[in-house]
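For reference, the chains in residue letters:
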Amino acid sequence: MIIQLCGLSGSGKTTIAYKTRELLTKAGITTEVIDGDEYRKELCSDLGFSQADRNQNIRRLAFVANKLSQHKILTIICAINPYDEVRKEVAIKYKNVKTVFINCNIDTLMLRDTKGLYKRSQLPDNDPNKVTNLTGVNDPFELPLAADLTINTHLEPEDVSVNRFYKFIIDNWQVGLQNSK
């Protein structure tokens, strides 16, 4: 199974993915997290932040996820993944893909601002440190209208989000195993 998490920067994608992986590992399910930030530095360092480059980034991550999935490794892609078109493309191209929207309102994201991006996006236009392509602020994020699961991290504690995601995976993992027999 491949799970493509999507959501704005700071919404909790990576935290939820790694904490859920710990639970899955204890349950005997081999899991790999494909962290968009980590892979962007190595596998996708040639890509920028245009829509075409962001889509190509997701295609590459999904390709890697599929290779792992073929070896019965549950794979979680953690990336902003802002465009519905490429999310649907991935879901059609590969087997047993689930889309999970990690939702968080902008006010909470600005308070969290784990990477300082939201603060930098509010700088004056002439400031050299201004972030001009922050998804959800000054770059588009298309809501995933057909997400298989939505987790609202601004409305529930982290452990509740992790447990909901874990249960979703367990329920769908078992169905996927039954369908592959």
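Residues numbered from 1 in each chain as written. Predicted model: local features only at pLDDT ≥ 70, side-chain atom pairs only at ≥ 80, totals over all residues. Heavy atoms only, no water.

On to the packing of helix α3 (residues 51-69) against helix α4 (residues 84-93), then. Where α3 meets α4, the closest approach of the two axes is 10 Å, and the angle between their N-to-C directions is 20 degrees. In terms of axis orientation, α3 runs roughly parallel to α4. Between α3 and α4 the crossing geometry is right-handed. Between α3, through Q51, N55, I58, R59 and A62, and α4, the contact on the second element is made entirely by E85, V86, E89 and V90. Of the residues assigned to the contact of α3 with α4, the class counts are four nonpolar, two polar and three charged. (Axes fitted to C-alpha atoms, helices over the stretch in contact; angles between N-to-C directions. Helix = DSSP H or I, 4+ residues; strand = E, 2+ residues; numbered from the N terminus. Parallel < 35°, antiparallel > 145°, perpendicular 65-115°, else oblique. Left-handed = near helix turned anticlockwise from the far one by under 90°. Contact = heavy atoms within 4.5 Å. Nonpolar A, V, L, I, M, F, W, Y, C, P; charged D, E, K, R; others polar.)

Applying the stated criterion across every chain, the model contains one aromatic pair. With 5.8 Å between their ring centres and 25 degrees between their planes, F101 and F141 make a pair best called stacked. Here F101 is found in strand β4 (residues 97-103), whereas its partner F141 is found in the loop between α6 (117-121) and β5 (149-152), with 40 residues between them in sequence. Comparing F101 with F141, the two get one shared label, buried. (Phe/Tyr/Trp six-rings, centres within 6.5 Å; stacked < 30°, edge-to-face > 60°. Buried < 20%, exposed > 50% of the residue type's maximum accessible area, 1.4 Å probe, protein only.)

In globular proteins that are soluble, nonpolar side chains generally tend to be buried together. Residues I3, L5, L74, I76, V100, F165 and I169 are the most contacted members of the largest nonpolar core, which totals 21 residues. Elements supplying a minimum of two residues to this core: β1 (2-6), α1 (13-26), β3 (74-78), β4, β5 and α7 (158-179). No other element matches the six residues that α7 contributes to this core. Beyond its immediate sequence surroundings of up to four residues, V100 is in contact with I3, Q4, L5, C6, L149, I151, F165 and F168. Of all hydrophobic cores here, the second largest spans 14 residues; its members include I58, A62, V64 and I77. (Core = buried A, V, L, I, M, F, W, Y, C linked by side-chain atoms within 4.5 Å.)

With that out of the way, let us pick up the layout of surface pockets. For the largest pocket, the calculated volume is near 730 Å³. S9, K13, D37, I80 and K115 are, among the 35 residues lining the largest pocket, the residues nearest its centre. For the lining of the largest pocket, the elements supplying multiple residues, two or more each, are α1, α2 (36-42), α3 and α7. Top contributing element to the lining of the largest pocket by residue count: α1, with four residues. (1 Å grid on protein atoms, 1.4 Å probe; cavity = no way out; pocket = protein on both sides within 12 Å on 5 of 7 lines; lining within 4 Å. Points joined across faces, edges and corners; volume = space filled by probe spheres on them.)

To continue, consider the pattern of salt bridges. Under the definition given, this model contains ten salt bridges. Measuring nitrogen to oxygen at the nearest pair gives 3.2 Å for the salt bridge that ties R87 to D84. Here the residue R87 and the residue D84 both occupy positions in helix α4, the gap between them amounting to three residues, near one helical turn. Each member of the pair R87 and D84 is classed as buried. K88 is paired through a salt bridge with D84; the nearest N and O atoms lie 3.2 Å apart. With K88 and D84 both in helix α4 and four residues apart, the pair spans about one turn of that helix. (Salt bridge = Lys/Arg side-chain N within 4 Å of Asp/Glu carboxyl O.)

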